[in-house]
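Structural overview
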Number of protein chains: 2
Amino acid sequence: MKVKAVFYHAGCPVCVAAETNLAKAIDTSRYDVEIVHLGKDSTRISEAESAGIKSVPALLLDGSPFHINFGANLADLK
Amino acid sequence: MKVKAVFYHAGCPVCVAAETNLAKAIDTSRYDVEIVHLGKDSTRISEAESAGIKSVPALLLDGSPFHINFGANLADLK
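The text that follows walks through the structure, step by step, so that each part is easy to find. Within each chain, residue numbers correspond to sequence positions counted from 1 in written order. By the order in which they are written, chains take letters starting at A while ligands take numbers starting at 1. Reporting in this predicted model follows two pLDDT cut-offs: at least 70 for local features of residues, and 80 or more for side-chain atom pairs to be given and counted; totals over whole chains, interfaces and linings ignore these cut-offs and use all residues. By convention in this description, side-chain values take in all heavy atoms of the structure and omit both hydrogens and water.

1. Observations concerning unusual backbone geometry
Glycine aside, residues mostly have negative phi, and peptide bonds are mostly found in the trans state. Between V56(A) and P57(A) the backbone carries a cis peptide bond, its omega angle lying at -5°. Numbering of helices and strands starts at the N terminus; helices are DSSP runs of H or I of at least 4 residues and strands are runs of E of at least 2. For P57(A), the location among the structural elements is in strand 3 (residues 55-61). A positive phi angle is found at D62(B), which is not glycine, with a value near 55°. Position of D62(B) relative to the elements: it lies in the loop between strand 3 (55-61) and strand 4 (64-73). Note on exposure labels: buried denotes an accessible area under 20% of the residue type's maximum, exposed denotes more than 50%, and partly exposed covers the range between, all computed with a 1.4 Å probe on protein chains only. By relative accessible area, which is 55% here, D62(B) ends up exposed. With a phi angle near 50°, N69(B) is a residue other than glycine that sits in the positive phi range. Within the secondary structure, N69(B) is located in strand 4.

This is how it looks when you write it as structure tokens:
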């Protein structure tokens, strides 16, 4: 079974760079990668917050949050 | 030819978590991943700085620096 990976972003330049480089580098034979745009799908902000995500871009890997550089605070997307 | 990926860390708990989860998630069929411990190999700090890395853990993917959460400033490793 693949490990769940969720890449949360908000379409910002820092987010796009992280998606293009880092999210794309993940081994899709072992990880099931989902890309979530929190600016467009704000209903999922609370899910990201519950997982411990404070800013975007961020990658949730097997339940662990990893903030990648800094694009925007989650609080500012509401 | 594989893309070069360098994971810089300093053995801190945040670094270990990032290495265990994120660095290990990279597709090694497409990326050549090198793990560098800047605490043990301080001669490579200047290389990391030149690449735009400010803190560890960080991942340099195809020349682009991605800071992952925050463990320590590069300046504090000197």
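2. Details of the pairing of strand 1 (residues 3-9) of chain A
Residues and elements named next belong to chain A. Among the 7 residues that make up strand 1, 5 are buried, leaving the element largely enclosed by the rest of the structure. With 7 bridges joining them, strand 1 and strand 2 (residues 31-37) adopt parallel strand pairing. The residue of strand 2 that forms the bridge with H9 is H37. What joins strand 1 to strand 2 is helix 1 (residues 13-21), and the crossover it makes is right-handed. The pairing criterion for strands is at least two bridges between them, as found by DSSP. As paired strands, strand 1 and strand 3 are joined by 4 bridges and run antiparallel to one another. Residue pairing across strands places Y8 opposite A58, the latter belonging to strand 3. With the strands aimed away from the viewer, a crossover counts as right-handed if its path from the first strand over the helix to the second runs clockwise.

3. Here's the deal with the interface of chain B and chain A
Quite often, the size of an interface is put as the accessible area lost when its parts meet. Contacts are assigned to residue pairs that have any heavy atoms within 4.5 Å of one another. Facing the 18 residues of chain B at the interface are 18 residues of chain A. In this description, buried area is defined as the sum, over both parts, of the accessible area (probe of 1.4 Å) that is lost when the two are combined. Where chain B abuts chain A, roughly 1500 Å² becomes buried across the two surfaces, and 53% of that area is made up of carbon and sulfur atoms. Definition used for salt bridges: Asp or Glu carboxyl oxygen within 4 Å of a side-chain nitrogen of Lys or Arg. Here chain B and chain A share 0 salt bridges between them. We call two N or O atoms a polar contact when they sit within 3.5 Å, provided that within protein one can donate a hydrogen and the other can accept it, with sequence-adjacent residues counted only if both atoms are side-chain atoms. At the surface where chain B touches chain A, the tally comes to 10 residue pairs in polar contact (both at pLDDT 80 or more). Put simply, the parts of the chain that give the side of chain B that touches chain A at least two residues each are helix 1 (13-21), strand 3 and strand 4 of chain B. Element by element, the count of residues in the side of chain B that touches chain A is highest for strand 4 of chain B, at 6 residues. Polarity classes work like this: nonpolar for Ala, Val, Leu, Ile, Met, Phe, Trp, Tyr, Cys and Pro, charged for Asp, Glu, Lys and Arg, and polar for all others, with Gly in that last group. Classifying every residue of the side of chain B that touches chain A by side-chain character gives 11 nonpolar, 4 polar and 3 charged.

4. A word on the relation of the copies chain B and chain A
Both copies of the chain are related by a screw-like operation: a rotation about an axis and a shift along it. The two copies are related by a screw motion: chain B maps onto chain A through a turn of 180° and a shift of 0.0 Å along the axis, at an RMSD of 0.0 Å. Classification of the inter-copy transformation places it as that of a two-fold axis. Mapped onto chain A, 100% of the interface residues of chain B are again interface residues, and the two copies thus contact each other with one and the same surface. C-alpha atoms of residues with pLDDT of at least 70 in both copies form the basis for the least-squares superposition of the copies.

5. Quick word on the pairing of strand 4 of chain B
Remember that side chains alternate between the two faces of the sheet whenever the strand is regular. Residues and elements named next belong to chain B. Bridging between strand 3 and strand 4 involves 6 bridges; their strand directions are antiparallel. Residue L61 lies in a different strand from strand 4, and its bridge partner there is S64. In textbook terms, the turn of a hairpin is the stretch between consecutive antiparallel strands, and for strand 3 and strand 4 this stretch comprises 2 residues, one of which, D62, has a positive phi near 55°.

6. Structural notes on the pattern of salt bridges
All names here are of chain B. A full pass over the atoms with the stated rule returns 10 salt bridges over all chains. E34 is paired through a salt bridge with K4; the nearest N and O atoms lie 3.4 Å apart. Taken together, the residues E34 in strand 2 (residues 31-37) and K4 in strand 1 (residues 3-9) connect sequence positions 30 residues apart.

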